[in-house]
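Below, each chain spelled out in residue letters.
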Number of protein chains: 2
Amino acid sequence: MTTQQLTNQIKKKQSFLCIGLDVDLNKIPKYLLKEEDPIFAFNKAIIDATHHLCVAYKPNTAFYEAYGLKGWKALEKTINYLNENHPEIYTIADAKRGDIGNTSTMYAKAFFEDLGFDSVTVAPYMGKDSVEPFLAFEDKHTILLALTSNQGAFDFQTKSVDGIELYKQVLETSKTWKSSENLMYVVGATKAEYLANIRKIVPDSFLLVPGVGAQGGNLQDVCKYGMNDSIGLLINSSRGIIYASQDETFAQAAAKKAEDLQMQMKAELKRHSK
Amino acid sequence: MTTQQLTNQIKKKQSFLCIGLDVDLNKIPKYLLKEEDPIFAFNKAIIDATHHLCVAYKPNTAFYEAYGLKGWKALEKTINYLNENHPEIYTIADAKRGDIGNTSTMYAKAFFEDLGFDSVTVAPYMGKDSVEPFLAFEDKHTILLALTSNQGAFDFQTKSVDGIELYKQVLETSKTWKSSENLMYVVGATKAEYLANIRKIVPDSFLLVPGVGAQGGNLQDVCKYGMNDSIGLLINSSRGIIYASQDETFAQAAAKKAEDLQMQMKAELKRHSK
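Because the structure is predicted, anything quoted here is derived from the model rather than measured.

Moving on, we get to the relation of the copies chain A and chain B. Two chain copies here: they are related by a rotation about an axis and a translation along the same axis. Its rotation angle being 180°, the transformation that places chain A on chain B also includes 0.0 Å of axial translation and leaves an RMSD of 0.0 Å. On the angle and the small slide along the axis, the relation comes out as a two-fold axis. Identified as the residue of chain A closest to the rotation axis by C-alpha distance is V161 of chain A, at 2.2 Å. Looking at the interface residues of chain A, 98% of them are also at the interface in chain B, so both copies use one shared face.

Our next topic: the pattern of salt bridges. In this structure the tally under the stated criterion is 20 salt bridges over all chains. In this structure, D94 of chain B and K58 of chain B form a salt bridge, with 2.7 Å as the shortest nitrogen-oxygen distance. Of this pair, D94 of chain B sits in strand β3 (residues 90-97) while K58 of chain B sits in strand β2 (residues 56-59), placing them 36 residues apart in sequence. Classification of D94 of chain B as buried rests on a relative accessible area of 5%. By relative accessible area, which is 3% here, K58 of chain B ends up buried. Several salt bridges converge on common partners, so that one network encompasses K58, D94 and K96 of chain A together with D99 of chain B.

Let's shift gears to the packing of helix α5 (residues 101-114) of chain B against helix α6 (residues 128-135) of chain B. All names here are of chain B. The geometry of α5 relative to α6 is characterised by a closest axis approach of 8 Å and an angle of 30° between their N-to-C directions. You can see that α5 and α6 cross each other, and the crossing is right-handed. Every residue of α6 that contacts α5 at G101, S104, T105, Y107, A108 and F112 is listed here: D129, S130, P133 and F134. Residue composition of the contact of α5 with α6, grouped by class: 5 nonpolar, 4 polar and 1 charged.

Residue and element names in this part refer to chain A. The final tally for this structure, using the stated rule, is 13 aromatic pairs over all chains. With centroids separated by 5.1 Å and ring planes inclined at 10°, the aromatic side chains of F42 and F250 adopt a geometry described as stacked. In this pair, F42 is assigned in helix α2 (residues 38-50) and F250 in helix α12 (residues 250-271), connecting sequence segments 208 residues apart. Pairwise contacts between aromatic rings join F42, Y243 and F250 into one cluster.

Moving on, we get to the side chain of R97 of chain B. Along the chain, R97 of chain B falls in strand β3. For R97 of chain B, a relative accessible area of 1% corresponds to the buried category. At 3.3 Å, the side chain of R97 of chain B and the side chain of T61 of chain B are in polar contact. A distance of 2.6 Å separates a polar atom in the side chain of R97 of chain B from a polar atom in the side chain of E65 of chain B. The residues touching R97 of chain B, leaving out its near neighbours within four places in the chain, are E65, R97 and Y107 of chain A together with T61, E65, Y107, F111, T121, V122, A123 and F134 of chain B.

Okay, the environment of N182 of chain A next. Residue and element names in this part refer to chain A. Turning to its location among the elements, N182 is positioned in the loop between α8 (166-174) and β8 (183-187). Its relative accessible area of 11% is what places N182 among the buried residues. Sequence-distant contacts of N182, defined by excluding residues within four places in its chain, comprise L135, F137, K140, H141 and T142. Reaching out from N182, the side chain makes a polar contact with the backbone oxygen of L135 at a distance of 2.9 Å.

Now for helix α6 (residues 128-135) of chain A. Residue and element names in this part refer to chain A. Of all 8 residues making up α6, 6 are buried, and the element is well covered by its neighbours. The complete set of buried residues in α6 reads S130, V131, E132, P133, F134 and L135. Tucked into the core, α6 has its buried residues touching β3 (90-97), α5 (101-114), β4 (119-122), β5 (141-147) and β8.

Our next topic: the packing of α2 of chain A against α12 of chain A. Residues and elements named next belong to chain A. Remark: α2 packs on α12, axes separated minimally by 9 Å, with the N-to-C direction vectors making an angle of 45°. Judged on the interaxial angle alone, α12 and α2 are oblique. When the axes of α2 and α12 are compared, the crossing they make is right-handed. Residues F42, A45, I46, A49 and T50 of α2 pack against F250, A251, A254, A255 and A258 of α12. Each residue belonging to the contact of α2 with α12 can be placed in one class, and the counts come to 9 nonpolar, 1 polar and no charged.

Per the UniProt entry, the sites bearing "active site" (unreviewed entry) are K96 of chain A in this numbering. Within the secondary structure, K96 of chain A sits in strand β3. With sequence-adjacent residues up to four places away left out, K96 of chain A is seen in contact with N60, T121, V122, A123 and L145 of chain A together with K96, G98, D99 and M126 of chain B. In terms of polar contacts, K96 of chain A uses its side chain to reach the side chain of D94 of chain A, at 2.8 Å.

Another aspect to go through is the nonpolar core. In this structure, F16 and F111 of chain A together with F16 and F111 of chain B are the most contacted members of the largest nonpolar core, which totals 209 residues. Apart from the residues lying within four places of it in its own chain, the contact partners of F16 of chain B are I10, V55, L219, C223, M227, I231, L233, L234, I235, M265 and L269 of chain B.

Another aspect to go through is the sheet that holds β4 of chain A. Residues and elements named next belong to chain A. Pairing is parallel in the closed barrel, where 8 strands are placed in the order β1-β2-β3-β4-β5-β8-β9-β10. The mean inter-strand angle of the sheet, taken between neighbouring strand axes irrespective of direction, is 30°. Where strand β1 (residues 17-21) and strand β10 (residues 233-237) come together, 3 bridges link them in parallel fashion. Looking across to β10, one finds that L17 is bridged to I235.

Moving on to the sheet that holds strand β10 (residues 233-237) of chain B. Residue and element names in this part refer to chain B. Pairing is parallel in the closed barrel, where 8 strands are placed in the order β1-β2-β3-β4-β5-β8-β9-β10. Taken over all neighbouring pairs, the strand axes of this sheet differ in orientation by 30° on average, direction set aside. Strand direction decides the pairing type here: strand β5 (residues 141-147) and strand β8 (residues 183-187), joined by 5 bridges, are parallel. Bridge assignment links T142 to a residue of β8, and that residue is L183. Running over the sheet, helix α2 (residues 38-50) touches β1 (17-21) and β2 and is turned about 165° from β1. Helix α12 (residues 250-271) rests against β1 and β10 of the sheet, and its axis sits at about 155° to β1.

Reading guide: rules and limits
Residues numbered from 1 in each chain as written. Chains lettered and ligands numbered in written order. Predicted model: local features only at pLDDT ≥ 70, side-chain atom pairs only at ≥ 80, totals over all residues. Heavy atoms only, no water. Least-squares fit on C-alpha atoms with pLDDT ≥ 70 in both. Contact = heavy atoms within 4.5 Å. Salt bridge = Lys/Arg side-chain N within 4 Å of Asp/Glu carboxyl O. Helix = DSSP H or I, 4+ residues; strand = E, 2+ residues; numbered from the N terminus. Buried < 20%, exposed > 50% of the residue type's maximum accessible area, 1.4 Å probe, protein only. Axes fitted to C-alpha atoms, helices over the stretch in contact; angles between N-to-C directions. Left-handed = near helix turned anticlockwise from the far one by under 90°. Nonpolar A, V, L, I, M, F, W, Y, C, P; charged D, E, K, R; others polar. Phe/Tyr/Trp six-rings, centres within 6.5 Å; stacked < 30°, edge-to-face > 60°. Polar contact = N/O pair within 3.5 Å; in protein donor to acceptor, adjacent residues only side chain to side chain. Parallel < 35°, antiparallel > 145°, perpendicular 65-115°, else oblique. UniProt positions renumbered as here; feature names shortened; annotations may be inferred. Core = buried A, V, L, I, M, F, W, Y, C linked by side-chain atoms within 4.5 Å. Pairing = 2+ DSSP bridges.

Put into structure tokens, the structure is as follows:
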């Protein structure tokens, strides 16, 4: 999917919501555990109830790998279900990968070709030749970690590197890489005050913004400082939506939470006249 | 496995060789493709032929994920085969993971509990709360990326952060984290000249050193600057060993390459009187 198509979907649905499918078997309704594939059953119900309210889904691979083969199978079924039934939905493998060149190529094949995701999150620590193999895939996006939503972001990301914070160095440097037009960036909603400066470096890039909801980020601040002419934002909520209820009403409860966010996003789009 | 047990194995086998099991179906002998599980068949043959010459195996998860469910199954079979038949061998999941706290816990469970690896490689970009969930597992090790073997290491890792190179900041800072005694570090063999300074910061830690062989690192230099009283080195070779031959002799050819390295390591242990 191109970013233009993504922007079109956002305007059509009046939503730039991404729903994180981080399925923890200890947190889903107990009765689902009787299903042959509880993880997929949970995801399917969430997708069926919320797909008209969001433009993207983001399974975090950790939650699938933790269940071994069954987990990987549930991830495959989930992405296949999305691609078959909702091809207009943007899909993100939140995998935070990155390795030397030939190995990154294998990861890129895993997520873009074998699983058929539109994008994958990648860590920048190993530099250019660890990221370019992902960028080489046409019509796919590489979402580079820039400034993450957690407290640990202050350990290295905000430290001054040759006079400029590391996350800014990552933004500036990555713009020079081959096929950098395929880049998006992760910026935590808990760091909204940084967004104005980030937009000076990457005015046109889409930003994936986690941290609204359970982690305490503010939607209005993110829009104020982060929205651009193409909207340029995907705001993710995971736990705040998918675990809204733990009984039979979980999918409707999730839809209600998603709708709350979508209504706020609609208001923001109106405020910014998009 | 404790580091003391690992050191004992190194002294017993006169080897600190780690063999990287990075299986690419385009590079293994053609006749193996007829097997039900070619990846495991290849790994099993390599392990059977080389286990007496090395102290560790390191599957890189990218090469398994690229083949989807079949790949993940082959990874499971490989680690189970190692744990059942060679419990004295140290195992490393080269996964380069790292995420916010609750997510890193899921990754740690995946590799330490579900798959039963002794250790996992982790990227430091997201800081303390992304790494400590891995460190919380007793008798397991977290191998943090410090200075990697690729060219991209110079993009960020060697840049000066508040007057000290980023990889040194990673070493210094990580020492203050909870259960930091469970840390090891990745330092590329292609950066051997940096090892003397690295040893000043982490004199006692084990270092996982890739890059000897295909990537051009020098074994003698790594030992000169990197060896400590507990040896403290695991030197990895992947392609240089496992793809030594592409015909029926591949396992013996791999053993020959492994033996060449083991003999060099024996000489180094003698030179340093270990």
